[in-house]
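Examination of the molecular architecture
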Amino acid sequence: METPLMPMVFVGHGSPVNAIEDTEFSEGWKDLSKRLPKPKAILAISAHYYADGSFLNDAENPKQIYDMYGFPKELYDIIYHPRGNPALAHEIAALIGGKSNSSFGIDHGVWSVLRRSYPEADVPVVAMSVNRRLSPKEMVEVGAKLKKYREQGVLLFATGSIVHNLALVDWDNPKGYPWAEAYQKRINERVKAHDVDALIHYEKDPDSAKAFVSLDHYSPLLYLLGAIRENDQVEIFNDEETLGSISMTSYLFH
């Protein structure tokens, strides 16, 4: 039986409290598994695994990382322990010139979403780092090498945030600043148009300097851009900004 071409997902994960509160965003994450073929494995490219190199977690049972501080105890009581896939990790590491490394794990940018989408933790997860040494163009080129795994039932799952500026967060603002909303809309149009060149050269947008001061949360999207198929459609969900300068906007490529 032929394996259907697996879609790809970029998720704006936002605050860790979405892992414990039923919000419109967590409802959008729950809906994902209903809209996707059951993956054979998930390759998770997370903003929180921002490293000096390309690393693939090859643990049989990757550890769960509680990489957030000062939140309710209920959040730290969450257990999400999917299996790993060492063979897949080794294969991808060799393909992209990376290394296997089990010292990291599954961070909250990954498990806060996946516990909603796949609550049984019954899909193996391989965590892949965002390589901070690569240029945006090089990240796209790595993504192009990952494209073939879509044909093998692997879900390319990227998690970050298009607008992510913690220095400008307004805890009393449930929405986004006008500039953040306008910036996100422009990015949405570029993603829908598969305008990879414009997304690589994000700095040409006048609001990019306010949207983020580090590439960590934007970078996961760049990897997916390399794995886009020409006929991929883009569905946008959870398309909102919160706390002034945090975007929850997410994309389904299929």
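Please refer to the structure placed before this passage.
The following paragraphs examine the structure supplied in this document. None of the values given here were measured: they were computed from a predicted structure.

1. With respect to the nonpolar core
Counting residues in hydrophobic clusters, the biggest one holds 48 residues, and the most contacted among them are L43 and Y218. In this view, L43 contacts L56, I92, V126, M128, L146, V154, L155, L156 and F157; residues no more than four positions away in its chain are not counted. Core analysis: the second largest hydrophobic core is formed by 29 residues, V9, I78, L114 and A121 among them.

2. Some points on helix α9 (residues 219-226)
Counting buried positions over the eight residues of α9 gives eight, a clear majority of the element. Taken as a whole, α9 has its buried residues at S219, P220, L221, L222, Y223, L224, L225 and G226.

3. Observations regarding the packing of aromatic side chains
With the rule as written, the count across this model stands at nine aromatic pairs. On the basis of an interplanar angle of 50° and a centroid distance of 5.3 Å, the ring pair of Y202 and F212 is categorised as tilted. You can see Y202 sitting in the loop between α7 (196-200) and α8 (208-211) and its partner F212 sitting in the loop between α8 and α9, a full ten residues away along the chain. Taken together, the ring pairs in this structure connect F10, Y251 and F253 into an aromatic cluster.

4. Things to note about the pattern of salt bridges
Under the definition given, this model contains 16 salt bridges. Here D22 and K30 are joined by a salt bridge, their closest N and O atoms 3.9 Å apart. With a relative accessible area of 29%, K30 lands in the partly exposed category. Close ionic contact of K38 with D122 constitutes a salt bridge, the shortest N to O distance being 3.1 Å. In this pair, K38 is assigned in the loop between α1 (24-35) and β2 (41-51) and D122 in the loop between α4 (108-117) and β5 (125-131), connecting sequence segments 84 residues apart. Classification of D122 by relative accessible area gives partly exposed; the value is 38%.

5. Details of the packing of α1 against α4
In the contact formed by α1 and α4, the axes pass within 7 Å of each other and the chain directions differ by 60°. In terms of orientation, α1 lies oblique with respect to α4. Like other packed secondary-structure pairs, α1 and α4 cross with a definite hand, here right-handed. Here S26, W29, K30, L32 and S33 of α1 lie close against α4, whose contacting residues are S112, V113, R116 and S117. Tallied by class, the residues present in the contact of α1 with α4 amount to three nonpolar, four polar and two charged.

Reading the values: rules and limits
- Residues numbered from 1 in each chain as written.
- Predicted model: local features only at pLDDT ≥ 70, side-chain atom pairs only at ≥ 80, totals over all residues.
- Heavy atoms only, no water.
- Core = buried A, V, L, I, M, F, W, Y, C linked by side-chain atoms within 4.5 Å.
- Buried < 20%, exposed > 50% of the residue type's maximum accessible area, 1.4 Å probe, protein only.
- Contact = heavy atoms within 4.5 Å.
- Helix = DSSP H or I, 4+ residues; strand = E, 2+ residues; numbered from the N terminus.
- Phe/Tyr/Trp six-rings, centres within 6.5 Å; stacked < 30°, edge-to-face > 60°.
- Salt bridge = Lys/Arg side-chain N within 4 Å of Asp/Glu carboxyl O.
- Axes fitted to C-alpha atoms, helices over the stretch in contact; angles between N-to-C directions.
- Parallel < 35°, antiparallel > 145°, perpendicular 65-115°, else oblique.
- Left-handed = near helix turned anticlockwise from the far one by under 90°.
- Nonpolar A, V, L, I, M, F, W, Y, C, P; charged D, E, K, R; others polar.

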